[in-house]
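Each chain, written out:
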Amino acid sequence: MSTAAESPAESPIDLELEKLAVSYGGISAVKGVSLAVRRGEIVALIGANGAGKTSVLKAIVGLVPLAGGKVRALRRELAGVPTHRIVELGVTLVPEGRAIFGGLTVRENLELGAFTRRDPKTLGTRLERVVALFPRLGERLAQAGGTLSGGEQQMLAIGRALMAEPKLLLLDEPSLGLAPKLVAQIFESIRAIAKSGITILLVEQNTRLALETAHSAHVLVTGEVALAGPSSALSEDPRVRAAYLGEDVRA
């Protein structure tokens, strides 16, 4: 299995979670998750549906309150910081299901992503960078977002997040509902984004692809980190291979 490049071990830490906890109505969804993501890394969160992966991402950007623990991103404590301010600091989330505005054009959706970076001198440059990464969007700038294919909508959702000029990008299930050919294109773009210097925390249902893409990964089981390590090691771990890669590892 091919894996991402060696993790930049000496780089500064762009995201650190310390015993992060999230609860819904008294039910614990995330139970003391700790991890660190260094600058330029792609780190994956993998696990079954309901393991708490999306809740971790939402807690980082302030969409759900912390029940305990700490979130530090880009040298700032984020607990209690409003979501719009977190985006201004350089942290953006591409949500599961894309959440684009179907009645707005592709250009309007992208410009909404730049809401916290409303410098007209750089808006055009940022739009050009997104279109260079996703040429299909450039061909459809005047088209309503809701008329795009699923893959194009995912490109739009990622492009909208990039318009905010993030330093840390959170991706929630970017391959969800997409054909294999489009998934390959999306992940090629994710690798290009990381190579540009943007740090990525990736939640992904396709465990094999996540491990091929990320430097390291954490396996969540019922809200807790059950396994963690370099992607190359986890891809060979018999527990991961049996539970998430669909392989029969019995002797």
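Preceding this section is the structure that the text describes.
Residues numbered from 1 in each chain as written. Predicted model: local features only at pLDDT ≥ 70, side-chain atom pairs only at ≥ 80, totals over all residues. Heavy atoms only, no water.

A. Representation of the sheet that holds strand β8 (residues 199-203) in the model. If you walk across this open sheet you meet the 6 strands as β6-β7-β8-β3-β9-β10, and the pairing is mixed. This sheet does not close on itself; its edge strands, each paired only once, are β6 (91-94) and β10 (224-230). Ignoring strand direction, the axes of neighbouring strands in this sheet form an average angle of 15°. Judged from the 5 bridges that link them, strand β7 (residues 168-172) and β8 form a sheet pairing that is parallel. Paired with Asp-172 across the bridge in β8 is Val-203. Packed onto the sheet, helix α6 (residues 150-162) meets β6 and β7 and runs at close to 170° relative to β6. Sitting on the sheet, helix α7 (residues 180-195) is in contact with β3 (42-46), β7 and β8, with an inclination near 150° to β8. (Pairing = 2+ DSSP bridges. Helix = DSSP H or I, 4+ residues; strand = E, 2+ residues; numbered from the N terminus. Axes fitted to C-alpha atoms, helices over the stretch in contact; angles between N-to-C directions. Contact = heavy atoms within 4.5 Å.)

B. Up close: the layout of surface pockets. Volume-wise, the largest pocket comes out at about 550 Å³. Around the largest pocket sit 22 residues that line it, and Thr-83, Val-87, Leu-93, Pro-95 and Arg-160 are the ones nearest its centre. Of all elements in the fold, only α1 (53-60), α2 (83-89), β6, α3 (106-113) and α6 reach the threshold of two or more residues within the lining of the largest pocket. Residue classes in the lining of the largest pocket are distributed as 12 nonpolar, 6 polar and 4 charged. Volume-wise, the second largest pocket comes out at about 230 Å³. In this structure, the second largest pocket is lined by Arg-126, Arg-129, Val-130, Leu-133, Leu-162, Met-163, Glu-165, Pro-166, Ala-192, Ile-193, Ser-196 and Ile-198. The biggest single contributor to the lining of the second largest pocket is helix α4 (residues 120-133), with 4 residues. Grouping the constituent residues of the lining of the second largest pocket by class yields 8 nonpolar, 1 polar and 3 charged. (1 Å grid on protein atoms, 1.4 Å probe; cavity = no way out; pocket = protein on both sides within 12 Å on 5 of 7 lines; lining within 4 Å. Points joined across faces, edges and corners; volume = space filled by probe spheres on them. Nonpolar A, V, L, I, M, F, W, Y, C, P; charged D, E, K, R; others polar.)

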